[in-house]
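Architecture at a glance
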Amino acid sequence: MTYVVTVDMCLPDGADELDALQQVGASALLEHGFDAVEAIEGPGGVEVDVLETIVAVHPRGSIVKVFVHASSLETAEDAVGSVAAEVLERSELLADWVVESSEVKLHIDLTRESLAAADGPDAPPSDLRARRARHTAGTGPGDTTHAAPSHDGADDESAEYDESVDDEESADDVEQADLEAQIRALAPRLISFDPRPPEGGETAAIGSEAAELAAGALVYAAEVLIDELYDDVQTLADEETNVAECRAELWHLAELPPRYGLAYDELFARRFLVTAIALTTRFTDGSFRELGCLAEELVLKLLLQQAHSTLDLYGLLGDDVAEALGRFADEVYEDTDFEWLYDDARDGADEDPALAGAGITPTAIGTWFTPFDDDRYVHPYAVDEETGPRSTHE
């Protein structure tokens, strides 16, 4: 079976953050190290085949996705973890780095659904299109409906049925509360932002519990978004195509402005993925200052959509939580000029340099990974070639 193992590597305690050029160097060393590995000997001598590796370096370390074919999840995790440590040891410049984790990350919602349904009639569909449609329009734990018995039955049968329904609804309530608690527990990881509204401010009406739930949902959504963008990259690579001509279903890249669909090829997808990792890392390591480029604005749009859909799926998207997410968006976005890209009536207008004189940034696809100004950070892997690597990240 094929597994995607996520390896988190970090700098040793007390080490200075990597600047842009150091990140480029670390990325090259890691890519070279993993590319040299075609197969790994797992526990008990079981061979694990390495299919592909994607490396994304950030100021405090790196996230590596390793696609492997292994006999079990545990074998995949152990084998990839050991080879990651070996790659670091063999590199003099990375020898002090630490492998924090090597694991196949599972999503809360997909894991629970799969475990509960197994191979029964409620099992999630294997087809990506059907599964996505089901999750988009799916019902949350509290929305389950129950059909009444078809026969006229005696009173005791009716009573048993009512009791069964009550038990199921009670179990659903417990599951929903459990999921809510798990999402809330992620809130402290959004280090760059205080989820609590300012005292006495206009947003003071937003309860701290709602803000906490919104913050946790953003962290959870970031994990889902990155994993699914990895899937999109792999899909485009397998089909050797672009988003506009891709016959397979895509999780997120198809949500980008459709007019540029032919330009969303595998290389673009990789750059967009690395941009997503870089942005969400800055959200969670406390280093975020401002959005660096238009591609990051689009990443944030997808992140907010994912957070909304996750909360809505489980009946947790109340007005106060939605308001808290809106406050977060208002705090991060400087403007919403990028929304022009979704307006077909303005096709071509967004590329007019004359717009800059009106205070509107031109949004041609060739500038999506170009820093807004010299003080903005864009990951060296993704930055437009004519711009070159930057070292202004603090």
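See the structure printed just above.
Residues numbered from 1 in each chain as written. Predicted model: local features only at pLDDT ≥ 70, side-chain atom pairs only at ≥ 80, totals over all residues. Heavy atoms only, no water.

1. Concerning the overall build of the chain
Where we set the bar: Secondary structure elements follow DSSP: runs of H or I no shorter than four residues count as helices, runs of E no shorter than two count as strands, and numbering proceeds from the N terminus. The buried label goes to any residue with under 20% of its type's maximum accessible area, the exposed label to any with over 50%, and the partly exposed label to all in between, with areas taken from a 1.4 Å probe on protein chains only. Here the open area of atoms and residues is found with the Shrake-Rupley method and a 1.4 Å probe, where only the protein chains shown may cover a residue.
If you tally the helices and strands in the chain, you get nine helices and five strands. Counting only residues that meet the buried cut, the chain has 46% of its 394 residues in that class. For the chain, the exposed area adds up to about 19700 Å²; of that, 47% sits on carbon and sulfur atoms.

2. Quick word on the environment of T310
For clarity, the cut-off: Residue contacts follow a heavy-atom distance rule, with two residues in contact if any of their heavy atoms lie within 4.5 Å.
Structurally, the position occupied by T310 is in helix α8 (residues 294-313). Along the primary structure T310 and V224 are separated by 86 residues, whereas in three dimensions their C-alpha atoms are 9.7 Å apart. Apart from residues no more than four positions distant in its own chain, T310 is found in contact with I183 and Y220.

3. Quick look at the environment of S287
To keep things clear, this is the line we draw: Polar contact is defined as a pair of N or O atoms within 3.5 Å, subject to the rule that within protein one atom must be able to donate a hydrogen and the other to accept it, and that residues adjacent in sequence are counted only when both atoms are side-chain atoms.
Position of S287 relative to the elements: it lies in the loop between α7 (266-285) and α8. Between the alpha carbons of S287 and I191 there is a distance of 8.5 Å; along the sequence they are 96 residues apart. Engagement of the side chain of S287 in a polar contact is seen with the side chain of D285, the distance being 2.6 Å.

4. A closer look at the nonpolar core
As a rule of thumb, soluble globular proteins bury nonpolar side chains together. Defined as follows: For our purposes a nonpolar core is just a set of buried Ala, Val, Leu, Ile, Met, Phe, Trp, Tyr and Cys residues, chained together by side-chain atoms within 4.5 Å.
In terms of nonpolar packing, the biggest core is built from 73 residues, with L253, F272, F283, L300, F328 and W368 touching the most fellow members. Elements supplying a minimum of two residues to this core: β3 (47-58), β4 (61-69), α5 (155-184), α6 (208-239), α7, α8 and α9 (319-332). Here this core gets 17 residues from one element, more than from any other, and that element is α6. Formed by 29 residues, the second largest nonpolar core is a distinct cluster that contains V5, A70, A79 and A84.

5. Some remarks on the pairing of β4
For the record, the criterion: At least two DSSP bridges between two strands are required for those strands to pair.
Of all the nine residues making up β4, eight are buried; the element is thus mostly covered by neighbouring parts of the structure. Pairing geometry for β3 and β4, over nine bridges, is antiparallel. Paired with I54 across the two strands is K65, which belongs to β4. Hairpin connection from β3 to β4: two residues lie between these consecutive antiparallel strands.

6. What to know about the sheet that holds strand β1 (residues 2-10)
Put simply, the rule reads: Helix axes are fitted to C-alpha atoms over the stretch in contact, other axes to C-alpha atoms as well, and angles between N-to-C directions run from 0 to 180 degrees.
Reading across the sheet, the five strands line up as β2-β3-β4-β1-β5 and stay open at both edges, with antiparallel pairing between neighbours. Bordering the open sheet on either side are β2 (39-41) and β5 (98-103), each of which pairs with just one other strand. For this sheet, the mean angle separating the axes of adjacent strands, direction not counted, is 35°. Where β1 lies against β5, five bridges are found, and the strand directions are antiparallel. From the neighbouring strand, C10 faces β5, where its bridge partner is V98. Strand contacts of helix α2 (residues 73-90): β1, β2, β3, β4 and β5, with the helix running at about 40° to β1, the strand carrying the most contacts.

7. Remarks on the environment of V104
Looking at where V104 falls in the secondary structure, it is placed in the loop between β5 and α3 (108-117). In sequence terms V104 and T6 are 98 residues apart; their C-alpha atoms lie 6.0 Å from each other. Not counting the four nearest positions on each side in its chain, V104 is found in contact with Y3, V4, V5, L73 and E77.

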